[in-house]
Structures are given as C-alpha cells and as structure tokens.
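Topology and contacts: notes
Spelled out from the first residue to the last, the chains are:
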Amino acid sequence: MSIAKPLIKPEFKILRPDNEKEVIDLYNSLSSESIYYRFRGFFKDFEKYVRSVFSDSRNIVYGAYVDGKLVGVLEAVYLSDGCYEVAIAIRDNYQGKGIGTRLVAYAINDLRRRDAKTLIANTTPDNYRILAISRKFHGVIKCMYDECTTIFNLQAINVDQFLN
C-alpha cells in the first residue's frame, strides 16, 4: 500500500522587490527548526537579509503560492557567471507536500533558460528534506563535519516529471 501526498497545485512566480514584505512575513512565520535548517543557525534579521537579496538584480527569488498566499521561497543568489547558490524555505504547515520539490524544479527550469550551468546548496547533515530533494535532482552531495554542500549540474537534470 502506498501513501499518496495530498495534491496541492501551487502557482510559481518570480518575486520582485515589492514582494519583500511577503518574504519577510514567510520567514517570520517559520518554526525555530525551519529557521535553523534554512539559515544553518538561529537567525532573526530577516528584513535586512531579504533586502540584501533583492538589492542585487542578478539574484532571482522564486515564490510558491497556494490560494494567493506565499508558502515557499527559493533564492538563487548570483555567485559568478552561470553559477548560483540556492536556498529554500517552505511554511511549516506546507512542508512534506511536494511544494519544495516542485519549486526547485521550476527554479532549475528558469535558471537553465538564463544560461545557468551550476547550482550550489549548503545545508546541515541532519536536514533530511533538502538532502532528499538534492538526491531527486541528482546533485553531488559532499558532507564534512557540520555542513553538506550539493552541486547541481543543470545540463544533466530533467525536471519535466516534477513540473506536471
């Protein structure tokens, strides 16, 4: 017997600086555990952080909406030509429903169209959800001490199965 996840069809879009308040509100809604996994520590200055991400036009912020409410954010922070560092956060009551996987697929699809070649994600070794997503997208995961780094080769990833 398999257990199916409830079907939630989020709408994805690229967020702009005028979405800053929504992103800050999402971060403020997260549990301590979710904040720890997203920021690899107990971080609280969301306003300053979100403004810094939106202040560089090379960064791209993706949002997942359910019934008009922002439930997930993926930030692609520009590192160098063709390379971005990514981080994701999903509202606690929406975690485990496939939204993160689909948001990553949406972002990969868009970043590939923008000629990105590589994505890098950093997390803690106990963040099983992001490590599972990393495996789904065939990321190369390397863990050392209290940090794991995943490198994604965008040319080698097929996201179609996650976007339907």
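Summary of the structure given here.

Criteria and thresholds
- Residues numbered from 1 in each chain as written.
- Predicted model: local features only at pLDDT ≥ 70, side-chain atom pairs only at ≥ 80, totals over all residues.
- Heavy atoms only, no water.
- Disulfide = S-S within 2.5 Å.
- Phe/Tyr/Trp six-rings, centres within 6.5 Å; stacked < 30°, edge-to-face > 60°.
- Helix = DSSP H or I, 4+ residues; strand = E, 2+ residues; numbered from the N terminus.
- Buried < 20%, exposed > 50% of the residue type's maximum accessible area, 1.4 Å probe, protein only.
- Lys NZ or Arg CZ within 6 Å of the ring centre and 35° of its normal.
- Arc of directions from axis to C-beta.
- Contact = heavy atoms within 4.5 Å.
- Pairing = 2+ DSSP bridges.
- Axes fitted to C-alpha atoms, helices over the stretch in contact; angles between N-to-C directions.

**Description of the state of the cysteines**
- Applying the stated criterion to the full structure yields one disulfide.
- Cys 148 supplies the cysteine sulfur nearest to Cys 83, a cysteine that is in no disulfide, at a spacing of 18 Å.

**Some details on the packing of aromatic side chains**
- A complete count under the given rule lists ten aromatic pairs for this structure.
- Between Phe 39 and Phe 46, the ring centres sit 5.6 Å apart and the planes meet at 40°, which makes this aromatic pair tilted.
- Where Phe 137 meets Phe 162, the ring centres are 4.7 Å apart and the plane angle is 50°; that geometry is what we call tilted. Here Phe 137, found in the loop between α5 (128–136) and β6 (140–144), pairs with Phe 162, found in helix α6 (residues 160–163); they are 25 residues apart in sequence, far enough to count as distant. Both residues of the pair, Phe 137 and Phe 162, belong to the buried class.
- An aromatic cluster is defined as three or more aromatic residues linked by ring pairs; in this entry it consists of Tyr 27, Phe 39, Phe 46 and Tyr 49.
- Sitting over the ring of Phe 39, Arg 38 keeps its end group 4.1 Å from the ring centre.

**Section: unusual backbone geometry**
- A positive phi is found at Asp 115, a non-glycine position, where the angle reads about 70°.
- Mapped onto the elements of the fold, Asp 115 is located in the loop between α4 (99–113) and β5 (118–123).
- For Asp 115, a relative accessible area of 54% translates into the label exposed.

**Overview of helix α3 (residues 46–55)**
- Inspection of α3 places Phe 46, Tyr 49, Val 50, Val 53 and Phe 54 among the buried residues, and these make up the whole buried set. What you see down the axis of α3 is that its buried residues fit within an arc of 130°, all on one side. Exposed residues pointing more than 90 degrees away from the buried face of α3 are listed as Lys 48 and Ser 55.
- The elements touched by buried residues of α3 are β1 (11–15), α1 (20–29), α2 (32–39), β2 (60–66) and β3 (69–80).

**Looking at the sheet that holds β3**
- The strand order β1-β2-β3-β4-β5-β7-β6 describes an open sheet built from seven strands, whose pairing is mixed. The sheet is open, and its two edges are formed by β1 and β6, each paired on a single side. This sheet shows a mean twist of 25° between the axes of neighbouring strands, independent of strand direction.
- Relative to strand β4 (residues 83–90), β3 runs antiparallel, the two sharing eight bridges. Directly across from Tyr 78, in β4, lies its bridge partner Tyr 84.

By themselves, these observations are geometric and do not establish any function.
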